[in-house]
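Close look at the chain arrangement
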Amino acid sequence: MEEELRLLIIDDDEVDRMAIRRSVRKAGILASMDDADSIQAAWEHVRANAYDCVFLDYRLPGGDGLEVLQEFRKEGYKMPVIVVTSQGDEKIAVEVMKSGGSDYISKRLVNPEGISQILRNAIRTHHAEVERQHTAAALRISEARLAEAQRIAKIGSWELDMVTGVRYWSEQVYLMVGYENPSQQAVNIDLFVNHIHPEDLPSSEDYVRRCLRDDEDFRFDMRIVTVTQEVRHVEIQGRSIRNAQDRAIKIVGTIQDINERKQIERELIEARDIAERSAKSREEFLANMSHEIRTPMNAIIGFTKLLYDSPLNAEQRDSLTAIDAAGEALIAIINDILDLSKIEAGMLRFEPRPFDLEELLQSLRGIFRARANEKNLFLEVFIGPDVPRRIVGDRVRLNQVLINLVGNAIKFTETGEVSISVKQISGSDARAHLLFEVADTGIGIAPEKRVSIFESFTQASNETTRKYGGTGLGLTICKRIVELQGGKIGVQSTLGEGSNFYFDLEFAVAEEAVSTPTEKAAPTAQRVVPQHIRVLLAEDNLMNQKLAGRVLERLGYRYEIAANGREALAMLIAQPFDVVLMDIQMPEMDGYEATRRIRAHAETRVRRTPVIALTAHAMAEEVDRCLAAGMNAFISKPFHPDTLRDKIVEWVGGGGPVEIAPKKEIKAAEAAGRSYVDLSALDALAAGSDAFKAELIAIFLEEAPAALQRMQSSLVGKDGEAIYQAMHGLKPSLVMFKIPGHADLVPEVERVARTESPDFGRLRELLGRLAPGLEGAIAELQAEL
């Protein structure tokens, strides 16, 4: 006891008080001591001071010392109290302890040795009790914090004692299984086990066995069934505690409620699935839109090209030129809108492949040389000396951006020059960061318009739109394509002096040309080309058969028609053809499957026949699918006869256009007396050929009643897909003969028929509105024929 003690001596006998004082001093105990000769004085001292120990006489005037001791404890005073008594039996000791005393001493033992021993023991015991109480309080706080943390985190703890067999589950575990007052529940060592989902119990027991046997920590998810029969998900973790002999003596672990996490995972999976379905729907919508728009445009532009070969007066040729220009402009707009839609839908994909950059730029120059020459513009290409010739990137998308920029430069330049240049900003043996520039000496762009021209449907001015045309989508598409590849695009321009559009992209450097062996036919620079090219046209639509057939005839090619992929495959196996023009969307077997079977055929002649896709589907993904199926090339409807000829020449060779004998003048359409059909388009198409005109009418008269009957039968059978297919096949004829109501009714019939749960009442109404016009047209065309 090195520190000074504060002692209180409560005794009415001054001699006894002095004896205690003297014994304390002689025992060498450093202490300051206060005296109290009555109960009242004792209370005054206790309330005014903090004492390390109190000596309390057993007998006091006006009261019992033990009663005073009990009052001290009731008031919360916890200092050691030693009861001093003239007696010293066990009865008094028990009373002292029951009253809250620390110890007692007989007055005959009040001496230095006795006081020193009992005082030290009392203070030491008191300190130990205080420390125990502090530890217990800290433990309670820690346990409360742990319980609260477990409650917040929804984590419980558990133990399995392999020696005693005792199982312990924390309070949070009881809460997980649905007990609101766990502390009031009877102890049941199997309580949690009884709530494990029956299907998950075997696997959980297997984890515990492996942990005991192999000292293998475990962590797994399982289900529990609560007291209200709710199934919830929990995560179990555990590890073994082993003795010196490496024997598992205990397994300890945690249980966490992960029901919310599982719900979030399910929602995320569902959201991902919805997003994927939405993306797929958008992709299908864009593909169908491309197909549906391009199919009638194919007929418009295709027959327009054919009419150029017929005898025309000056006025007719001017009108035809206007129709041709309008059709080409409309196709350009359609392409821009579909491209932008794909970008906005996040469906634009890039296909990096090795390609020759110099060849691409020179090819670009060749494409625009004629247009530049028409305006007496100088068109040049500049390639920096350190620019690698072969690079890895998406050649198609790079070409698309450059074609748009060069096309704009030529369109907006009346005199001077247009230049295409590329230089290297930075690079290494493996990478090249290139800057592309397209400069012109054209009309230039006002400063306030230089940013907005990259926005959708925006041009430099209203006058630009009126004078030069266009949608204002080209630069938007260029910007998105460049930025999606990590580059930037911009423009420098002076109004009235010209513009310089620039963008940068990074490419990998291709060390050498990549050549992949393939069974596909190669462009026939080395092939033996037959003198007369034979074409197999796989096309199910009769109108498109006639159109493509007329084009092939005028190109001087012989052809045969297959109505579907299965028929095309059989015809190709039976006899040789130089090239197959393959539609994509056909009944029985589509163009993809037919081409795959051609490429897999055992006979080399069949397997190596060039296949060119000829379809209204024009999405980049469709091009990839065609090539993946084994097709050699892709022609999008509507197509130009020259494009078809060039593709055939590329893959077969020879077969240039053959002069066709002039046809007689187009007869004026006799519209008088007709209410349901307009034959003006047919007359123009026939170019004076009564036989061709009669053939198309006969096809319609054969197909239309049958299609109408199929749709009416499918209404009864509630077969929406059959209605769609019948209407889809009939649509070109309805457009050709301009059947009343076709423009509004046909798209609506197709849309309703293709919904997940078709409204057959609505379909019955739509077909009921279409049928009178269709039946009237049939009657009028029968009379015409």
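Scroll up for the structure.
A brief report on the enclosed structure follows.

About the thresholds
Residues numbered from 1 in each chain as written. Predicted model: local features only at pLDDT ≥ 70, side-chain atom pairs only at ≥ 80, totals over all residues. Heavy atoms only, no water. Helix = DSSP H or I, 4+ residues; strand = E, 2+ residues; numbered from the N terminus. Buried < 20%, exposed > 50% of the residue type's maximum accessible area, 1.4 Å probe, protein only. Contact = heavy atoms within 4.5 Å. Areas by Shrake-Rupley, 256 points an atom, 1.4 Å probe, with all protein chains shown as cover. Pairing = 2+ DSSP bridges. Axes fitted to C-alpha atoms, helices over the stretch in contact; angles between N-to-C directions. Parallel < 35°, antiparallel > 145°, perpendicular 65-115°, else oblique. Left-handed = near helix turned anticlockwise from the far one by under 90°. Patch = residues over 30% accessible without salt bridge, like charges linked within 9 Å, V, L, I, M, F, W, Y side chains within 5 Å. Salt bridge = Lys/Arg side-chain N within 4 Å of Asp/Glu carboxyl O. Lys, Arg positive; Asp, Glu negative; His and termini not counted. Charge placed at Lys NZ, Arg CZ, Asp CG, Glu CD. Expected span 1.5 Å × (residues − 1). Bend = angle between axes of the 7 residues up to and from the residue. Phe/Tyr/Trp six-rings, centres within 6.5 Å; stacked < 30°, edge-to-face > 60°. Lys NZ or Arg CZ within 6 Å of the ring centre and 35° of its normal. Core = buried A, V, L, I, M, F, W, Y, C linked by side-chain atoms within 4.5 Å.

If you tally the helices and strands in the protein, you get 24 helices and 24 strands. Here the protein, with 785 residues, has 44% of them falling under the buried criterion. Relative to all contacts within the protein whose residues are 6 or more apart in sequence, the contacts with residues 24 or more apart total 66%. Counting every atom, the protein has about 40,500 Å² of accessible surface; 51% of that belongs to carbon and sulfur.

Sheet topology places strand β10 (residues 218-225) next to strand β11 (residues 231-242); 8 bridges connect them, and they run antiparallel. Across the sheet, the residue bridging to Ile224 is Arg232, located in β11. Hairpin remark: β10 followed by β11, antiparallel, with 5 residues in the connecting loop; positive phi at Gln229, about 70°.

What follows deals with the packing of helix α21 (residues 690-717) against helix α24 (residues 760-784). As a packed pair, α21 and α24 sit with axes 10 Å apart at the nearest point and diverge in direction by 155°. Relative to α24, the element α21 lies roughly antiparallel. Like other packed secondary-structure pairs, α21 and α24 cross with a definite hand, here left-handed. Contacts from Lys693, Ile697, Phe700, Leu701, Ala704, Pro705, Leu708, Met711, Ser714 and Leu715 in α21 reach Phe760, Leu763, Arg764, Leu767, Ala771, Leu774, Glu775, Ile778, Leu781, Gln782 and Glu784 in α24.

Next up on the list: the side chain of Ser106. In this structure, Ser106 sits in strand β7 (residues 103-106). With relative accessibility at 5%, the residue Ser106 sits in the buried group. Look past the residues within four positions of Ser106 in its chain and what remains in contact with it is Thr85, Ser86 and Gln87.

Quick look at a negative patch on the surface now. Taken together, the side chains of Asp12, Asp13, Glu14 and Asp37 present a region of like negative charge at the surface. When its relative accessible area of 39% is taken as the criterion, Asp12 is described as partly exposed.

Once that is clear, we can look at α21. Because an α-helix packs 3.6 residues into every turn, residues spaced three or four apart end up facing the same way. Its 28 residues give α21 an end-to-end C-alpha distance of 41 Å, which sits within 8% of 40 Å, the value for a rise of 1.5 Å per residue. Phi for Lys718, located one or two positions after α21, is positive at around 50°.

Let's shift gears to helix α10 (residues 357-374). Here α10 spans 27 Å end to end across 18 residues, near enough to the 26 Å set by a 1.5 Å rise per residue. Remark: the principal bend of α10, roughly 45°, maps to Phe368. Its buried side turned inward, α10 meets β13 (353-356), β14 (378-383), β15 (390-393), α11 (395-411), β16 (417-427) and β17 (431-440). Asn376 sits one or two positions beyond α10 and adopts a positive phi of about 55°.

To continue, consider the sheet that holds β10. In space, the 5 strands of this open sheet follow the order β9-β8-β12-β11-β10, with antiparallel pairing throughout. Strands with a single pairing partner mark the edges of an open sheet, and in this sheet they are β9 (167-169) and β10. Within this sheet the neighbouring strands show an average axis-to-axis angle of 25°, counted without direction. The pairing of β11 with strand β12 (residues 248-257) spans 9 bridges and is classified as antiparallel. By the bridge assignment, Glu235 is partnered in β12 with Gln256. Packing against the sheet, helix α7 (residues 201-214) makes contact with β10, β11 and β12, and its axis sits at approximately 150° to β10.

Within the element layout of this structure, Ile115 appears in helix α5 (residues 112-153). According to the relative accessible area criterion, Ile115 is buried, its value standing at 0%. Separated by 91 residues in sequence, Ile115 and Val24 have C-alpha atoms that sit 6.5 Å apart. Sequence-distant contacts of Ile115, that is, excluding residues within four places in its chain, are made with Ser23, Val24, Phe55, Ile105, Leu109 and Val110.

What describes a pair of aromatic rings is the distance from one ring centre to the other and the angle between the planes of the rings. Using the criterion set out here, one finds 9 aromatic pairs in the structure. Centroid distance Phe72 to Tyr77: 6.4 Å. Interplanar angle 75°. Geometry classified as edge-to-face. Taking the relative accessible area as the measure of exposure, Phe72 reaches 0% and is therefore buried. One aromatic cluster in this structure is built from Trp158, Tyr207, Phe218 and Phe220. Directly above the ring of Phe577 sits Arg534, whose terminal nitrogen or CZ lies 4.6 Å from the centroid. When the ring centre of Tyr724 is taken as reference, the NZ or CZ atom of Arg754 above it lies at 3.8 Å.

To continue, consider the nonpolar core. One finds Leu644, Ile648, Phe700 and Phe737 to be the most contacted residues of the largest nonpolar core, which totals 61 residues. Take this core: its biggest share by element is 11 residues, from α21. In this structure Phe737 touches Met543, Tyr676, Val677, Asp678, Leu679, Leu682, Leu696, Ile697, Phe700 and Leu781, once residues within four positions along its chain are discounted. Grouped together as the second largest cluster of nonpolar side chains are 40 residues, Val406, Ala409, Ala432 and Leu505 included.

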